[in-house]
Amino acid sequence: MKQQFNSQLPTHLGIIMDGNGRWAKERNLPRIAGHREGMKRAKETVEAVARRGIAFLSLYVFSTENWKRPKSEVNFLMSLLRDSIYSEFDSLKNNNVRLVCSGRLAELPDNLADELNALVAATKDNTGLTLNLAINYGGRAEIIDATKKICQDVLAGKVEISQITEDLYARYLYQPELPPVDLIIRPSGEMRLSNFLLWQGAYAELVTLPTLWPDFSEADLDAALLEYGSRDRRFGGITE
Ligand code: IPE
Ligand code: IPE
Ligand code: MG
């Protein structure tokens, strides 16, 4: 049976899971310890978001710019991701979570893309929370990739240039069925998007908080949702 979603909440929530390195530094631990703890918060947050009846959750896992980091850190992040696919396989499958991925997955090392796609396939008929993992994701890269696909269809005679509208464009994004993102939460005190959901977030409400991601709690989530509920979303119009 299809789950009922609460309309007072954002339909689509995005989270920029930031501050793992600083969390570790504060404890004199290596950065990877922060990533390990951050992954635990990601798992808990997926459950908390699902329990609140939110329909779509996008988590920023790894950006197209994160390859600039030291190779050892990148390698650790990739192996952490692989371990999580294994450990969460049954849990996502059995908890009615539908996994989708956004990003240039083909550029991921080894067969990580295949492993992610296996989990996507295993959960495709689930009707609860849709979890969108942004991996090797960049908002600009997504727009470029969509533009290339549209150009191919124009050259193949499938699309007329005059037919290119915002609605048509959105159908060429990585996950066309994702609605616009309503709320983006960014912990760690940074007040920027860092290339996250640029198209989908055109009218997103932003909530930032000083807490570092490994310290993010259900109370932080609820505070952000409450803040979201108090915002006047005008979309360029005026409030009556
Ligand atoms: C977020 O934490 C995780 C990724 C970007 C992969 P950071 O690693 O960016 O942590 P800080 O910002 O250095 O504290
Ligand atoms: C954004 O965080 C990317 C992810 C959380 C995956 P960054 O730490 O990479 O962003 P900047 O460098 O502070 O903008
Ligand atoms: Mg960071």
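I will try to describe carefully the structure that is included in this document. (Residues numbered from 1 in each chain as written. Chains lettered and ligands numbered in written order. Predicted model: local features only at pLDDT ≥ 70, side-chain atom pairs only at ≥ 80, totals over all residues. Heavy atoms only, no water.)

All residues in the neighbourhood of ligand 2 are listed as Ile-16, Met-17, Asp-18, Tyr-60, Val-61, Phe-62, Asn-66, Arg-69, Arg-186, Arg-192 and Ser-194. A distance of 3.3 Å separates an oxygen atom of ligand 2 from a polar side-chain atom of Arg-186. One of the side-chain nitrogen or oxygen atoms of Ser-194 is found 2.6 Å away from an oxygen atom of ligand 2. When isolated, ligand 2 has an accessible area of 390 Å², and the protein chains bury 78% of it. In terms of residue count, the dominant contributor to the shell around ligand 2 is strand β2 (residues 56-63) (three residues). Tallied by class, the residues present in the shell around ligand 2 amount to five nonpolar, two polar and four charged. (Near = heavy atom within 4 Å. Polar contact = N/O pair within 3.5 Å; in protein donor to acceptor, adjacent residues only side chain to side chain. Areas by Shrake-Rupley, 256 points an atom, 1.4 Å probe, with all protein chains shown as cover. Helix = DSSP H or I, 4+ residues; strand = E, 2+ residues; numbered from the N terminus. Nonpolar A, V, L, I, M, F, W, Y, C, P; charged D, E, K, R; others polar.)

Burial analysis of strand β3 (residues 98-102) places five of its five residues in the buried class, the great majority of the element. Side chains Arg-98, Val-100 and Ser-102 project from β3 onto one buried face, and the interleaved Leu-99 and Cys-101 project onto a second face that is buried too. As defined by bridge partners, β3 adjoins strand β4 (residues 130-137) across five bridges and the pair is classed as parallel. Looking at β4, one finds that Ser-102 is bridged to Ala-134. Crossover connection from β3 via helix α4 (residues 112-122) to parallel β4: handedness left-handed. (Buried < 20%, exposed > 50% of the residue type's maximum accessible area, 1.4 Å probe, protein only. Pairing = 2+ DSSP bridges. Right-handed = clockwise from strand over helix to strand, strands pointing away.)

All right, on to the site of ligand 1 then. Neighbouring residues of ligand 1: Met-17, Asp-18, Gly-19, Asn-20, Gly-21, Arg-22, Arg-31, His-35, Val-61, Asn-66, Arg-69 and Leu-77. In this structure, an oxygen atom belonging to ligand 1 sits 2.7 Å away from a side-chain N or O atom of Arg-22. At 2.7 Å, a side-chain N or O of Arg-69 approaches an oxygen atom of ligand 1. A total of 380 Å² of accessible area belongs to ligand 1 in isolation, and the protein chains cover 86% of it.

Turning to helix α7 (residues 218-230), a few remarks are in order. Between its first and last C-alpha atoms α7 spans 19 Å; for 13 residues at 1.5 Å apiece the expected length is 18 Å, and the two agree. Taken residue by residue, α7 has Asp-220, Leu-221, Ala-224, Leu-225 and Tyr-228 as its buried positions. Relative to the axis of α7, the buried residues are bounded by an arc of 135 degrees and lie together on one face. In α7, the exposed positions that point more than 90 degrees away from the buried face belong to Ala-219, Leu-226, Gly-229 and Ser-230. (Expected span 1.5 Å × (residues − 1). Arc of directions from axis to C-beta.)

Judged by pairing direction, the sheet is parallel, and its six strands sit side by side in the order β3-β4-β2-β1-β5-β6 without closing on themselves. Whereas interior strands pair on both sides, the edge strands pair on one side only; in this sheet they are β3 and β6 (205-208). Taken over all neighbouring pairs, the strand axes of this sheet differ in orientation by 20 degrees on average, direction set aside. Where α4 meets the sheet, it contacts β3 and β4, and its direction lies at approximately 145 degrees from that of β3. (Axes fitted to C-alpha atoms, helices over the stretch in contact; angles between N-to-C directions. Contact = heavy atoms within 4.5 Å.)

Attention shifts here to the environment of Asp-145. Considering the arrangement of structural elements, one finds Asp-145 in helix α5 (residues 139-155). In sequence terms Asp-145 and Tyr-172 are 27 residues apart; their C-alpha atoms lie 8.2 Å from each other. Aside from chain neighbours lying at most four places away, what touches Asp-145 is Arg-104 and Tyr-174. Of the polar contacts made by the side chain of Asp-145, one reaches the side chain of Tyr-174; its length is 2.6 Å.

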